[in-house]
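This is what each chain is made of:
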Amino acid sequence: MTAFYEPRDEGEAAERVREAAARGERLRLVGGDTKARLGRPAQDEATLSAAGLSGITLYEPAEMVVGARAGTPLAEVQALLASRGQMLPFEPVDHRRLLGSSGEPTVGAVAAVNNSGPRRINAGAARDSLIGVRFVNGRGEAIKSGGRVMKNVTGLDLVKLMAGSWGTLGLLTEVTFKVLPVQERVATLIVPDLDDARAVEALATALGSPFELTGAAHLPAGIAGPGARTLMRLEGFSDSIAYRTGELRRLLKRFGAPEVADAADLWEQVRDAVPFAGAQTAVWRISTAPTRGPALTAEIARGLVARWYYDWGGGLIWLETAAEGDAGAAIIRAAVRAQGGHATLVRAPDAVRAAVPVFEPLSEPLMRGSQGIKAAHDPTGIFNPGRMYAGV
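First, a word on scope: everything that follows refers to the structure included in this document. These numbers come from a predicted model, not from an experiment.

What about the pairing of strand 9 (residues 171–178)?
Counted residue by residue, strand 9 has six buried out of eight residues, so it is predominantly covered. Of the pairings in the sheet, the one linking strand 5 (residues 65–69) to strand 9 comprises five bridges and is antiparallel in character. By the bridge assignment for strand 9, Ala68 is matched with Val175.

Put into structure tokens, the structure is as follows:
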């Protein structure tokens, strides 16, 4: 049984890290541990949990800024913001249904994995709203970067560096985000029965208009119902929504007759990859240029049995394949190389994730750069070793 550490404050966390570094003890960093099966299998000897580092540390509604210790449940932060009519801009994904995990997602993990959902096309990714971090590096030093306001940065931006580093550079102890007001009304235009190419064309038309979509997705037939549905979400004041939906319906009339619906359940399915939950299959998350999405999936389908749907106007593809062998890695990565983009294996058995690169393989120069950054922040290599790439 491996050791489990749950420090109650940043000072204790730094002490635990210093002790682990002195012993050469490799640490698996967790928050609510809802993403344990995302990434390469753990190569650790102990677990260091941020769950004890909990609580809101800053909330200034007028300045639209919230800060919390890293182990604070995400739901607690969202509830506080909702009570003042505010929200996190980037609509973080809840991976529990897809990965079959339990526990409570934490706000630190949102930053650590740059967790961003459908609203990214409008509000940016989690890293774009992250304006401050505190973390403990591999030397056991407490580091603060950023603050309460957005600002230009020259040199190495530690805030952005920590976002999406998957706990390989340090243990986040506190994060600060900019927030947005909740909009008065949300409406979704749904265009039925488009094939992938026509759907992405329709989404591109809407996204290129002045009518400001906050969601743009396409669900092919059989993904979330018998027929294909193309979704375009708008948010704002009621009068603005009425005007914009009317204008968009006129703009999109060559694609069919869109209906206007609430569709909150459909956006939750899009966000959390619910169509692929509960199955013993592999799931990939592929980013590409939106206009190339249909060609990329068509190329994959020539060599694999697969199901998929599109988010981010076609630029994000959630794709399901069989979990046997390499889970389709060779064919998927060849298609990605041909069309441009990168692919991440989100769900697969441990044996597959150990044998197949989970994240998009890096070129030699990028790998050397990643190794250098890792060595600078975690010189003894104790944080989440191999979580993203073997040997890093």
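Examining the nonpolar core
Note on soluble globular proteins: their nonpolar side chains tend to be buried together. Judged by nonpolar contacts, the single largest core of 51 residues is most densely connected at Trp284, Ile286, Trp318, Leu319 and Ile332. Not counting residues within four places of it along the chain, the set of residues in contact with Ile332 comprises Trp284, Ile286, Ile300, Leu304, Leu319, Thr321, Ala327 and Ala343. Within the second largest apolar cluster, 43 residues are counted, among which are Tyr5, Leu130, Val159 and Ile382.

Comments concerning the environment of Thr281
For Thr281, the location among the structural elements is in the loop between helix 10 (264–272) and strand 15 (282–287). In this structure, the C-alpha to C-alpha distance between Thr281 and Met87, residues 194 residues apart in sequence, is 33 Å. Apart from the residues within four sequence positions on either side, Thr281 is in contact with Glu320, Thr321, Ala323 and Arg347. Of the polar contacts made by the side chain of Thr281, one reaches the side chain of Glu320; its length is 2.8 Å. Side chain to side chain, Thr281 and Arg347 meet in a polar contact 2.6 Å long.

Quick word on the packing of aromatic side chains
The tally for this structure, following the rule as stated, stands at five aromatic pairs. Taking the centre distance of 5.4 Å and the plane angle of 65 degrees together, the rings of Trp166 and Phe359 count as edge-to-face. Note that Trp166 is positioned in the loop between helix 7 (158–162) and strand 9 and Phe359 in the loop between helix 13 (350–355) and helix 14 (364–377), a separation of 193 residues in sequence. Phe359 carries the same exposure label as Trp166, and that label is buried. Summarising the aromatic geometry, the rings of Phe359 and Tyr389 are spaced 6.2 Å apart at their centres and angled 50 degrees between planes, so their arrangement reads as tilted. Placement of the pair is Phe359 in the loop between helix 13 and helix 14 and Tyr389 in the segment after helix 14, with a sequence separation of 30 residues. For the residue pair Phe359 and Tyr389, the accessibility class agrees, reading buried in each case. Within the aromatic cluster, the residues linked to one another by ring pairs are Trp166, Phe359 and Tyr389. Seen from the ring of Trp267, Arg233 lies directly overhead, with NZ or CZ sitting 4.6 Å from the centre.

Some points on unusual backbone geometry
Located in the positive-phi region is Asn114, a residue other than glycine, with phi close to 55 degrees. When you line up the elements, Asn114 lands in the loop between helix 4 (107–112) and helix 5 (120–123). The backbone of Glu212 shows a phi angle near 55 degrees, a positive value even though the residue is not glycine. In this fold, Glu212 is placed in the loop between helix 8 (196–207) and strand 12 (213–219).

Considering the sheet that holds strand 3 (residues 46–49)
The strand order across the open sheet built from three strands is 1-3-2, with neighbouring strands paired in parallel fashion. The strands lining the two open edges of the sheet, one partner per strand, are strand 1 (3–5) and strand 2 (27–30). On average, each strand axis in the sheet is inclined to that of its neighbour by 20 degrees, with strand direction left out of account.

Considering helix 1 (residues 10–23)
The end-to-end C-alpha separation of helix 1 is 20 Å, in line with the 20 Å expected for 14 residues at 1.5 Å each. For helix 1, every residue scored as buried is listed here: Glu10, Ala13, Ala14, Val17, Ala20 and Ala21. For helix 1, the angular spread of the buried residues around the axis is 125 degrees, confining them to a single face. In this structure, the buried residues of helix 1 make contact with strand 2, strand 3, strand 7 (130–136), strand 8 (142–146) and strand 9. Of the residues trailing helix 1, Gly24 is marked for its positive phi of about 70 degrees.

Calculation rules
Residue positions are given per chain, counted from 1 along the sequence in the order it is written. Totals for whole chains, interfaces and linings use every residue, but because this is a predicted model, local features are given only for residues with pLDDT of at least 70 and side-chain atom pairs only at 80 or more, for both listing and counting. Hydrogens and waters are ignored; side-chain quantities use all the structure's heavy atoms. Burial classification: accessible surface area is computed with a 1.4 Å probe over protein chains only, and a residue below 20% of its type maximum counts as buried, one above 50% as exposed, and the rest as partly exposed. Strands here are runs of E lasting at least two residues and helices are runs of H or I lasting at least four, both read from the DSSP assignment and numbered beginning at the N terminus. Whether two strands pair depends on DSSP finding at least two bridges between them. To form a nonpolar core, buried Ala, Val, Leu, Ile, Met, Phe, Trp, Tyr and Cys residues must be joined to one another through side-chain atoms within 4.5 Å. In what follows, a contact means two residues having at least one pair of non-hydrogen atoms within 4.5 Å. Nitrogen and oxygen atoms within 3.5 Å of one another constitute a polar contact, given that in protein one can donate a hydrogen and the other can accept it, and given that sequence-neighbouring residues count only through two side-chain atoms. Only Phe, Tyr and Trp rings take part, Trp by its six-membered ring, and two of them pair if their centres are within 6.5 Å. Stacked means planes under 30 degrees apart, edge-to-face means over 60, and tilted covers everything else. Each ring is checked for a lysine NZ or an arginine CZ that lies within 6 Å of its centre and within 35 degrees of its normal; such an atom marks a charge sitting over the ring. What counts as an axis is a line fitted to C-alpha atoms, over the stretch in contact for a helix, and the angles between N-to-C directions run from 0 to 180 degrees. By this rule, a helix spans an expected 1.5 Å times one less than how many residues it contains. The arc under discussion is defined with respect to the helix axis, by the directions toward the C-beta atoms.

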